[in-house]
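Results of the structural survey
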Amino acid sequence: MRPFTFEAPADAATAVRTVSADPEAAFLAGGTNLVDHLKLGVAEPGLLVDVTALTSREVADLDGGGLRIGAGVRNSDLAADRRVRERYPVLAQALLSGASGQLRNMATTGGNPLQRTRCVYFQDVTTPCNKREPGSGCSAIGGATRGHAVLGASEHCIATHPSDMAVAMAALDAQVHVLGVDGERTIPFGDLHRLPGDRPDHDTVLEHGELITAIDLPPSPIARRSRYRKVRDRASYAFALVSVAAALDVDDGTVRDCRIAFGGVAHKPWRARRAEEVLRGAAADVRGFRAAAEAELADARPQDGIDGGNAFKIPLLTRTLVAVLRELAEES
Ligand code: SF4
């Protein structure tokens, strides 16, 4: 591991100034992903700036029934919050499906969306990877692709985003508060992460040194009937092959409104807007749910691979979405 300097500034503005001024500096919060990368040699910062105590650890009520989640709120605390469980069950379920209890006790709300892909080639510094080393190539293409993207990938990178929490946040239209050297800005959660294009080394739209300070969940009556379903190779402590975050409002057998996002299939949490459009006003039945999935996945492109590839994700995601919507409709 490369030696690094450690600083713990007194406030967030100082932390932002410090990291912004040093291209080799990085923020450290829960460290559940970054510390792995330090050990693997994937990240080699010269300076780590501890922000653990610099952002709020509170979940605060907003007017109208929304919530403001401080970036320092631990994943386990957020999942246990009674208001989250009642108003946004999809988020509590997504959090509890991620990682292990020990990791959730450390991981923060601000850090979780910024975790990096678990593509095995990204984590193996002996192999080419455009995300780790731009221009070096993509070892996954033609390699082991079982866990990789079927939506929105590019010839430069086919990685998936690993966060479960982020999929629920995308479905809930969360807003991300960010502090930079030029002040604060707010980013719709759906715009935080990028598709890979020709710059897969950039996971998000954040500038170097910008710090997530809080995430808002807007008031959302529909979210009270919402669900997260994660399909993975083993029952716990594994990343999603596919996942679905969904909320559904059914009136007299017809879909009045819905929110849908997918995980495990793209470089970012995938808001399924085409599926939502197909569903609104449609019959709340299996045929309608399947049509919505097929509309969203019409442009899906599976990858061949030495491990059998990932074409299975398309029917698996279709079945998962149909099952989740069916359950939500039956509870309406
Ligand atoms: Fe790297 Fe992306 Fe290719 Fe994985 S898929 S090897 S992260 S460029």
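Just so you know, these numbers come straight off a predicted model, no measurement behind them.

In this section: the pattern of salt bridges. The tally for this structure, following the rule as stated, stands at 25 salt bridges. Note that D203 is salt-bridged to K131, the shortest N-O span being 2.7 Å. With D203 in the loop between helix 8 (189-192) and strand 8 (211-217) and K131 in the loop between helix 6 (101-106) and helix 7 (165-171), this pair connects stretches of sequence that are 72 residues apart. Using a relative accessible area of 13% as the deciding quantity, one classes D203 as buried. Judged by relative accessible area, which is 5%, K131 ranks as buried. As a salt-bridge pair, D299 and R274 come within 2.5 Å of each other at their nearest N and O atoms.

On to the nonpolar core, then. Core analysis: the biggest nonpolar cluster contains 36 residues, and L91, M169 and F189 have the highest contact counts within it. Elements with a minimum of two residues in this core: strand 5 (67-70), helix 3 (75-80), helix 5 (89-97), helix 7, strand 6 (175-180), helix 8 and strand 8. At seven residues, helix 7 tops the list of elements feeding residues into this core. Aside from chain neighbours lying at most four places away, what touches L91 is I69, L78, V84, M165, A168, M169, L172 and L217. Judged by nonpolar contacts, the second largest core, of 31 residues, contains V242, A266, A292 and L321.

Moving on: the UniProt feature "domain: FAD-binding PCMH-type" (unreviewed entry) in the protein. With numbering matched to this structure, UniProt assigns "domain: FAD-binding PCMH-type" (unreviewed entry) to residues 1-222. The distance separating the terminal C-alpha atoms of residues 1-222 is 47 Å; by composition the span is 24% helix and 17% strand.

Accessible area lost upon the coming together of the parts is a frequently used measure of interface size. For the protein, the assigned domains read domain 1 (5-52) and domain 2 (228-331). Computed over C-alpha atoms only, the centres of domain 1 and domain 2 are separated by 36 Å.

Between helix 10 (residues 286-296) and helix 11 (residues 313-330), the shortest axis-to-axis distance is 9 Å and the interhelical angle comes to 140°. With respect to each other, helix 10 and helix 11 are oriented oblique. Both helix 10 and helix 11 take part in a crossing whose hand is right-handed. For the pair formed by helix 10 and helix 11, the contact residues are V286, F289, R290 and A293 on the first element and T318, L321, V322, L325, R326 and A329 on the second.

The strand order across the open sheet formed by three strands is 1-3-2, and the pairing between neighbours is parallel. Of all strands in the sheet, those with a lone pairing partner are strand 1 (5-7) and strand 2 (25-28), marking the two edges. Averaged over neighbouring strand pairs, the angle between their axes works out to 25° when direction is ignored. Judged from the three bridges that link them, strand 1 and strand 3 (residues 47-50) form a sheet pairing that is parallel. The residue bridging F6 from the neighbouring strand is L48, located in strand 3. Against the sheet, helix 1 (residues 12-20) engages strand 1, strand 2 and strand 3, with an angle of about 145° to strand 2.

Next up on the list: the site of the ligand. Close contacts around the ligand come from 15 residues, with C119, C129, C138, C157 and I158 the closest. Looking at the shell around the ligand residue by residue, the class counts come to nine nonpolar, five polar and one charged.

Our focus in this paragraph is helix 11. Taking 1.5 Å as the rise per residue, helix 11 with 18 residues should run 26 Å; its terminal C-alpha atoms sit 25 Å apart, in good agreement. When we look at burial in helix 11, the residues that qualify are K313, L316, L317, T318, T320, L321, V322, V324, L325, L328 and A329. Structurally, helix 11 contributes buried residues whose contacts are with strand 9 (226-231), strand 10 (242-251), strand 11 (254-263), helix 9 (273-279) and helix 10.

Relative to the helices and strands, A99 resides in the loop between helix 5 and helix 6. A99 has contacts with R104 and Y237, leaving out every residue within four places of it along the chain.

Let us look at the side chain of Q115. Within the secondary structure layout, Q115 lies in the loop between helix 6 and helix 7. Among the polar contacts listed, one links the side chain of Q115 to the backbone oxygen of N112, at a separation of 3.2 Å. A distance of 2.9 Å separates polar atoms of two side chains, one belonging to Q115 and the other to R118. Apart from residues lying up to four places away in sequence, Q115 is in contact with N33, H161, P162, S163 and F239.

The α-helix winds at 3.6 residues per turn, so residues separated by three or four positions along the chain end up facing the same way. Counting buried positions along helix 5 gives seven out of nine residues, so the element sits mostly inside the fold. Burial in helix 5 covers these residues: P89, V90, L91, A92, A94, L95 and S97. Among the residues trailing helix 5, A99 stands out with phi positive, at a value near 55°.

Glancing now at the sheet that holds strand 5. The five strands lie next to each other as 4-5-8-6-7, forming an open sheet whose pairing is antiparallel. A single partner strand is all that each edge strand has here, and the edge strands are strand 4 (59-61) and strand 7 (183-188). Pairs of neighbouring strands in the sheet enclose a mean axial angle of 25°, with direction left out of account.

Conventions and cut-offs
- Residues numbered from 1 in each chain as written.
- Predicted model: local features only at pLDDT ≥ 70, side-chain atom pairs only at ≥ 80, totals over all residues.
- Heavy atoms only, no water.
- Salt bridge = Lys/Arg side-chain N within 4 Å of Asp/Glu carboxyl O.
- Helix = DSSP H or I, 4+ residues; strand = E, 2+ residues; numbered from the N terminus.
- Buried < 20%, exposed > 50% of the residue type's maximum accessible area, 1.4 Å probe, protein only.
- Core = buried A, V, L, I, M, F, W, Y, C linked by side-chain atoms within 4.5 Å.
- Contact = heavy atoms within 4.5 Å.
- UniProt positions renumbered as here; feature names shortened; annotations may be inferred.
- Domains from an automatic or database assignment.
- Axes fitted to C-alpha atoms, helices over the stretch in contact; angles between N-to-C directions.
- Parallel < 35°, antiparallel > 145°, perpendicular 65-115°, else oblique.
- Left-handed = near helix turned anticlockwise from the far one by under 90°.
- Pairing = 2+ DSSP bridges.
- Near = heavy atom within 4 Å.
- Nonpolar A, V, L, I, M, F, W, Y, C, P; charged D, E, K, R; others polar.
- Expected span 1.5 Å × (residues − 1).
- Polar contact = N/O pair within 3.5 Å; in protein donor to acceptor, adjacent residues only side chain to side chain.

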